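Okay, here's what each chain looks like letter by letter:
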Amino acid sequence: MAQTINVAELIDTQKIGGFQLRVFLLCAAVLFVDGFDVQSITYVAFTISQDWGLARGALGPTFSAGLFGVMLGALLLAPLADRVGRQRVIVYSCVAFGIGTLLTVWVGSMTELLVLRFFTGLGLGSALPNAIGLASEYAPKRRRATVVTFVGSGISLGAIGAGIAAAQLISTQGWRAVFVVGGILPLLLAAALARGLPESLRFAALLPQKREEARRLLRKLRPNLDIAADAHIASGDAEGGKATVADLFKEQRGATTVLIWTAFFMSLLNVYLAINWLPTSLSASGFTATQAAGMTSLYHVGGVAGTYALGLLMDRFGPHRMQMFAMLVGVVGLYLFATVAGMTQSTTVAVLMLAGFGVVGGQVGVNALASMTYPVAIRSTGLGWALGVGRVGSIVGPTIGGLMLATATNARSVYLVCIVPALIGIAAVALLQRQANRATAPARAVHVN
């Protein structure tokens, strides 16, 4: 009989090696530049408003346009990876949003800025779900949550980098210099990805036309593995290359998909309502633009801490339980920031880091949940649509925040609105856990008997 190599079993049973670590680091780098370019506009919004004589909150439509582009990129472009492969889509996405960010240097009006942020968002939206999907497909099941959250932390690290760049560059070079950095970084990374980022081995094994590539990747993954000339390399998943949105609702996945979409919508509404107006709210509270940028960066430091902690604890105590815990921590942090008056700068930073721990860490946790829910053949489609639906929330959030901020006497009070979607998100994750328990209950019963 011909030799059969099950790629999924091979990855799940072996230790993480250097080849996989390279994949994880490159995917994290993609999310770093993604996070840098998504958040760079929030750090310079206050300065742009002053430079162009705009009212507080006037850049809300620009935020929403960029996030609308991200939504369409996730819905329409990210699923292409389930047909043509993850690597190619990731590389072209980086090129697209790198060029869009670099062109922002020459904008002279709010209309021009709005249009460019929309087209930049298309590339940003397709990069993130595929980087997460590719990393998860090289991660063994027992470490998948840790790997996905590690890679996902690149978003927060990129946002921190954008804040550091803004704090250093705005006062000396002006706000446009932040977009110079944000444009060059993804273009340099795209060149590195074209040479060093491999295709997903599990995805390549699904497609007959990629079998030779699968053999080559298998040798890199396990150099000492003896592969016969007539060996059959199996992905361990269903047939690939034909994924559609309808597949997300087949095989009793409908309720799970709706709950994942709900969790993403509520989570991203809070993420972007909280972060897009945070520098502006801090500036309106009496802090300088430099202080506001630094404090916002520390909010993301809390997000990084939450991301790493959640990843480690998810693999040990269960992903759904730890996800609900993280979202609850975010509620506490945002409530304190919105209601406690007279806080010093250090106290405000501590509260913001607590909020970031739960809000940002919780969003990365939702990404991990989705990556563990959908099979390889439809993973990019599943993640892309979850993020795309979630981006509707990311558009709604900043819009609500901008409207409230324009009339609020206390700029921080707008963060009270985050509590309701957070509680809905917690309920959605609780129902997801119930769905997962139902799906595994028959298998457990057979095993016991």
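Shown above is the structure to which this text applies.
These lines cover the structure that appears in this document, whether it is placed above or below. (Residues numbered from 1 in each chain as written. Predicted model: local features only at pLDDT ≥ 70, side-chain atom pairs only at ≥ 80, totals over all residues. Heavy atoms only, no water.)

**Observations concerning the overall build of the protein**
- Of the regular secondary structure elements, the protein holds 17 helices and two strands.
- On C-alpha atoms alone, the protein measures out to a radius of gyration of 22 Å, which is about the 22 Å that the 2.2 N^0.38 rule sets for 449 residues.
- Once the C-alpha set of the protein is aligned to its principal axes, its extents read approximately 75 × 50 × 35 Å.
- When burial is assessed residue by residue, the protein has 58% of its 449 residues classed as buried.
- Across the protein, the fraction of contacts at a sequence separation of at least 24, relative to all contacts at a separation of at least 6, is 85%.
- Each charge class in the protein can be summarised by its mean position, and for the 32 positive and 18 negative side chains these summaries are 6 Å apart. (Helix = DSSP H or I, 4+ residues; strand = E, 2+ residues; numbered from the N terminus. Rg over C-alpha atoms; globule rule 2.2 N^0.38 Å. Buried < 20%, exposed > 50% of the residue type's maximum accessible area, 1.4 Å probe, protein only. Contact = heavy atoms within 4.5 Å. Lys, Arg positive; Asp, Glu negative; His and termini not counted. Charge placed at Lys NZ, Arg CZ, Asp CG, Glu CD.)

**Side note on unusual backbone geometry**
- For E251, which is not a glycine, the phi torsion comes out positive at approximately 55 degrees.
- On the secondary structure map, E251 appears in the loop between β2 (232-234) and α11 (254-276).
- Judged by its relative accessible area of 68%, E251 falls in the exposed class.
- Located in the positive-phi region is Q252, a residue other than glycine, with phi close to 60 degrees.
- Among the structural elements, Q252 can be located in the loop between β2 and α11.

**Overview of the pattern of salt bridges**
- Per the counting criterion, the structure on display carries eight salt bridges.
- Residues R86 and D82 are paired through a salt bridge, measuring 2.7 Å at the closest nitrogen-oxygen approach. D82 shares its class with R86; the two are buried.
- A single salt-bridge network, built from bridges that share partners, covers D82, R86, E137 and R379. (Salt bridge = Lys/Arg side-chain N within 4 Å of Asp/Glu carboxyl O.)

**Re the packing of helix α3 (residues 60-77) against helix α6 (residues 110-137)**
- At a minimum axis separation of 6 Å, α3 and α6 run at an interaxial angle of 30 degrees. Classified by the angle their axes make, α3 and α6 are roughly parallel. Considering only the axes of α3 and α6, their crossing is right-handed. Contacts from P61, T62, A65, G66, F68, G69, V70, L72, G73, A74 and L77 in α3 reach M110, L113, L114, R117, F118, G121, L122, L124, G125 and S126 in α6.
- Partitioned by chemical class, the residues of the contact of α3 with α6 number 13 nonpolar, seven polar and one charged. (Axes fitted to C-alpha atoms, helices over the stretch in contact; angles between N-to-C directions. Parallel < 35°, antiparallel > 145°, perpendicular 65-115°, else oblique. Left-handed = near helix turned anticlockwise from the far one by under 90°. Nonpolar A, V, L, I, M, F, W, Y, C, P; charged D, E, K, R; others polar.)

**Topic: the nonpolar core**
- Formed by 128 residues in total, the largest nonpolar core has its most connected members in V30, L193, Y299 and Y415.
- Of all the elements, helix α2 (residues 18-52) adds the most residues to this core, at 15 residues.
- Setting aside anything within four residues of it in sequence, one finds V30 in contact with I90, C94, A127, A131, L189 and L193.
- One finds F203, L206, V376 and A377 within the second-largest nonpolar core, a separate group that totals five residues. (Core = buried A, V, L, I, M, F, W, Y, C linked by side-chain atoms within 4.5 Å.)

**A few points about the environment of N437**
- By the element assignment, N437 lies in helix α17 (residues 419-448).
- Separated by eleven residues in the primary sequence, N437 and I426 have C-alpha atoms spaced 17 Å apart.

**Remarks on the packing of aromatic side chains**
- All chains considered together, the criterion is met by nine aromatic pairs.
- When the centroid spacing of 6.4 Å and the interplanar angle of 20 degrees are considered together, the rings of F150 and Y308 count as stacked. Here F150 is found in helix α7 (residues 144-173), whereas its partner Y308 is found in helix α13 (residues 289-317), with 158 residues between them in sequence.
- Among the aromatic side chains, those forming a connected cluster through ring pairs are W52, W175 and F179. (Phe/Tyr/Trp six-rings, centres within 6.5 Å; stacked < 30°, edge-to-face > 60°.)

**Some thoughts on the environment of V181**
- By the element assignment, V181 lies in helix α8 (residues 176-196).
- Given the relative accessible area of 29%, V181 is considered partly exposed.
- For the pair V181 and V7, spaced 174 residues apart in the sequence, the C-alpha separation amounts to 39 Å.
- Residues in contact with V181, not counting those within four places in the same chain, are F36 and L169.

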